[in-house]
Amino acid sequence: MPKFNLTSLISSSGLMSLLAVGCLNAPAKSAPASVKLTTEPSLDRVVPYEAELETTQQPVKLTLQAIDSTGSPLTNVRMKAKLLAPAPTPWFTTDFPIVEGTQLFELQADAPTGQLQLQQMFPIRGNYQLQVTATPLGATGGETIQQNITITVPENSIKYQNFAILALLLTGAGLGGGWVIGAKRITKAGEVAPQPVRLLLSGASVVAIAALLYVNVSAEMAQSDMSALMSHPMGKAQETSTELNQKSIPAGTVTSQGIKLAITGDKSATVGKIASFQVKAVDAKTNKPVAGNVRIQTINSESEVKWVAFGYQGAIGSNGQLAWQSGLFDGSGHQVNVEFTPAAVGQQGTKVKVAQVVDVEGVAPPLYVRLISLGYMTGIVASAFLVAFWLRRRQDGRLN
Amino acid sequence: MLQKSTVTLPQQTINATLSTPVQSGLYLSLCALTLWTVYFTTSPVIHDSVHSSRHHTLLVSCH
């Protein structure tokens, strides 16, 4: 047994005391520079896109503010934001499975006040990842801020209610079928009626199954036309909002009030794939870049009630250009509206508008995802069927 | 003397069709196909007519 060393014990205790005192007196470390996210509505009230609404659903307004270690806004910052949709969940699918795991937008812009304002319609429930980079510009410079913000969007409560009603109906169908089919067949000599009735019912079922099989197999076989089939029909356009119904905005390139504003990029897109756009503002005479602010709105223009899928409001780059990428999740016609306001003194009342129509091709959900959900629903029917079948046989057994 | 029972083919078919496993299978298949047609088929006519129901029901993927 080693000899107890009193000297070592005293030395260790003294050293630990010094360390403790040092820690208590050490100055508190300031928080690092970061990017603060505020949303409108607040995060606890954000819901996913709800189809077939009678009124326009507003996108979520995302405001990203770069702040320094003291909490004061940073100025003259180049900001980049990328939003990623939640990861795929085939065993608990959303109504836009093609969008799961894809990129919804990416945009880089110079923010004189350190603030980036975006709008996004969240297509599905789940955890979105908002990746933000803020690089201070200018002579003072500073470290680049990189931040990953998680935005959790809950499912629409109406879906749970409707599924509960469906589950009740399926349970009823299962119980009814199990009770009837579970009845013991008493074969009586000379009795003809029950057999033809059952044969008739079974025959009718076979015909119905064959008809349904034909319809569904034909639909699946026509996959070359799937994109057209999964796009929305052109409904009757309704004047839900003057702002969203701007059919008069010219397309492509516009020269107005000394400004030449051009929008380029994809004119067709596919759900689940990113589409790229660029806007450029130059002086109409000198062709030199013009500084100013842009307001971008990507509107779902062919739905009966128009709504904004993506938006940005802020400064255009010093080279007069802004590029962004947007993942459009609804298979329907969209229109990208751009409104430019020059920053030069005396020109702030000038507004130049340009638009680009984008046809978005819908994609049918994967077959295995649909089969999984069908399996759940059929499982409810089958479970209730087995329960009722067993109860009926037990009852018939007792009576006999 | 043993008598061999002769069950004709039509009678065998009837017996098989009316058997519980076949009837149960037919019924569950009919339910499954009906559910597929209402909630999952890509047929445009059906997709458009039940579009709202599909988007408002949990576990139903539309596009």
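Residues numbered from 1 in each chain as written. Chains lettered and ligands numbered in written order. Predicted model: local features only at pLDDT ≥ 70, side-chain atom pairs only at ≥ 80, totals over all residues.

Draft legend 1. Quick peek at the overall build of chain A. Scanning chain A for helices and strands turns up five helices and 16 strands. Here chain A holds 400 residues, and 33% of them are scored as buried. Taking contacts inside chain A between residues at least 6 apart in sequence as the whole, the part at least 24 apart equals 75%. (Helix = DSSP H or I, 4+ residues; strand = E, 2+ residues; numbered from the N terminus. Buried ≥ 20, exposed ≤ 12 C-beta atoms within 10 Å, placed from the backbone. Contact = placed C-beta atoms within 7 Å.)

Draft legend 2. Seen up close, the nonpolar core. In terms of nonpolar packing, the biggest core is built from 66 residues, with M79, A81, A134, L261, L328 and V338 of chain A touching the most fellow members. Those residues in contact with L261 of chain A that lie beyond four places of it in its chain are V254, A281, V338, F340, V352 and V354 of chain A. Listed in part, the 24 residues of the second largest apolar core include L166 and L170 of chain A together with Y39 and V60 of chain B. (Core = buried A, V, L, I, M, F, W, Y, C linked by C-beta atoms within 7 Å.)

Draft legend 3. Fine view of unusual backbone geometry. Residues and elements named next belong to chain A. Cis peptide bonds are those with omega within 30 degrees of zero, and the linkage from E40 to P41 qualifies with 5°. Looking at where P41 falls in the secondary structure, it is placed in the loop between β1 (34-40) and β2 (60-67). Even without a glycine there, the phi angle at N76 is positive, about 55°. Here N76 lies in the loop between β2 and β3 (77-84). Residue classification places N76 among the partly exposed residues on the basis of 16 C-beta atoms within 10 Å.

Draft legend 4. View of the interface of chain B and chain A. In this complex, chain B contributes 36 residues to the contact, which on the side of chain A involves 51 residues. A class-by-class count of the residues in the side of chain B that touches chain A yields 17 nonpolar, 18 polar and one charged. (Nonpolar A, V, L, I, M, F, W, Y, C, P; charged D, E, K, R; others polar.)

Draft legend 5. Geometry of the sheet that holds strand β10 (residues 268-270) of chain A. Residue and element names in this part refer to chain A. The strand order β1-β2-β5-β13-β12-β15-β16-β10 describes an open sheet built from eight strands, whose pairing is mixed. Across the chains shown, the open sheet's two edge strands, defined by having one partner strand only, are β1 and β10. Sheet twist, expressed as the average angle between the axes of neighbouring strands with direction ignored, equals 20°. Pairing of β2 with strand β5 (residues 115-120) involves six bridges; the strand directions are antiparallel. (Pairing = 2+ DSSP bridges. Axes fitted to C-alpha atoms, helices over the stretch in contact; angles between N-to-C directions.)

Draft legend 6. Geometry of the packing of helix α2 (residues 157-181) of chain A against helix α5 (residues 367-399) of chain A. Residue and element names in this part refer to chain A. Orientation of α2 relative to α5, taken along the N-to-C sense of each, is 35°, at an axis distance of 7 Å. Like other packed secondary-structure pairs, α2 and α5 cross with a definite hand, here right-handed. Each of A167, L170, T171, A173, G174, L175, G177, G178, W179 and I181 in α2 lies in contact with α5, whose residues at this interface are M377, I380, V381, A382, S383, A384, F385, L386, V387, A388, F389 and R392. Broken down by class, the residue content of the contact of α2 with α5 amounts to 16 nonpolar, five polar and one charged. (Left-handed = near helix turned anticlockwise from the far one by under 90°.)

Draft legend 7. The arrangement of the packing of α2 of chain A against helix α2 (residues 20-39) of chain B in detail. The geometry of α2 of chain A relative to α2 of chain B is characterised by a closest axis approach of 11 Å and an angle of 160° between their N-to-C directions. Judged on the interaxial angle alone, α2 of chain B and α2 of chain A are roughly antiparallel. As α2 of chain A packs across α2 of chain B, the resulting crossing turns out to be right-handed. Where α2 of chain A abuts α2 of chain B, its residues A173, G177 and I181 of chain A lie against T20, Q23, S24, Y27 and C31 of chain B. Residue classes in the contact of α2 of chain A with α2 of chain B are distributed as four nonpolar, four polar and no charged. (Parallel < 35°, antiparallel > 145°, perpendicular 65-115°, else oblique.)

Draft legend 8. Just the confidence of the model for chain B, in detail. Residue and element names in this part refer to chain B. Confidence along chain B averages 84 in pLDDT terms, with 92% of residues attaining 70 or more. Per-element confidence in chain B is highest for helix α4 (residues 51-55), whose mean pLDDT is 91, and lowest for helix α1 (residues 9-17), whose mean pLDDT is 82. As a predicted assembly, this complex carries a pTM of 0.82 together with an ipTM value of 0.88. (pLDDT = per-residue confidence, 0-100.)

Draft legend 9. Looking closely at the sheet that holds β3 of chain A. All names here are of chain A. Pairing is antiparallel in the open sheet, where eight strands are placed in the order β7-β6-β3-β4-β14-β11-β9-β8. What marks the edges here is a single partner per strand, and that holds for β7 (145-153) and β8 (253-256). Direction aside, the axes of adjacent strands within the sheet are offset by 15° on average. Pairing of strand β6 (residues 126-136) with β7, which is carried by nine bridges, proceeds in the antiparallel orientation.

Draft legend 10. Region of interest: the pairing of strand β13 (residues 307-315) of chain A. All names here are of chain A. Within β13, seven of the nine residues are buried, leaving the element largely enclosed by the surrounding structure. The pairing of β5 with β13 spans four bridges and is antiparallel. From the neighbouring strand, Q119 faces β13, where its bridge partner is G311. For strand β12 (residues 292-300) and β13, the ladder comprises eight bridges, and the chain directions are antiparallel. Within the sheet, the bridge partner assigned to V294 lies in β13 and is G314.

Draft legend 11. Region of interest: the environment of P366 of chain A. Considering the arrangement of structural elements, one finds P366 of chain A in the loop between β16 (352-361) and α5. Once the C-alpha coordinates of P366 of chain A and L62 of chain A are considered, the two residues, 304 residues apart in sequence, prove to be 31 Å apart.

Draft legend 12. Structural detail: the environment of V50 of chain B. Inspection of the secondary structure assignment puts V50 of chain B in the loop between α3 (44-49) and α4. Taking the C-alpha atoms as reference points, V50 of chain B and Y39 of chain B, separated by 11 residues in sequence, lie 7.6 Å from one another.

Draft legend 13. Seen up close, the domain arrangement of chain A. Residues and elements named next belong to chain A. Annotation of chain A at the domain level lists domain 1 (34-154) and domain 2 (155-184 + 366-400). Taken together, the contacts link nine residues of domain 1 with seven residues of domain 2. The residue inventory of the side of domain 1 that touches domain 2, partitioned by class, reads six nonpolar, one polar and two charged. (Domains from an automatic or database assignment.)

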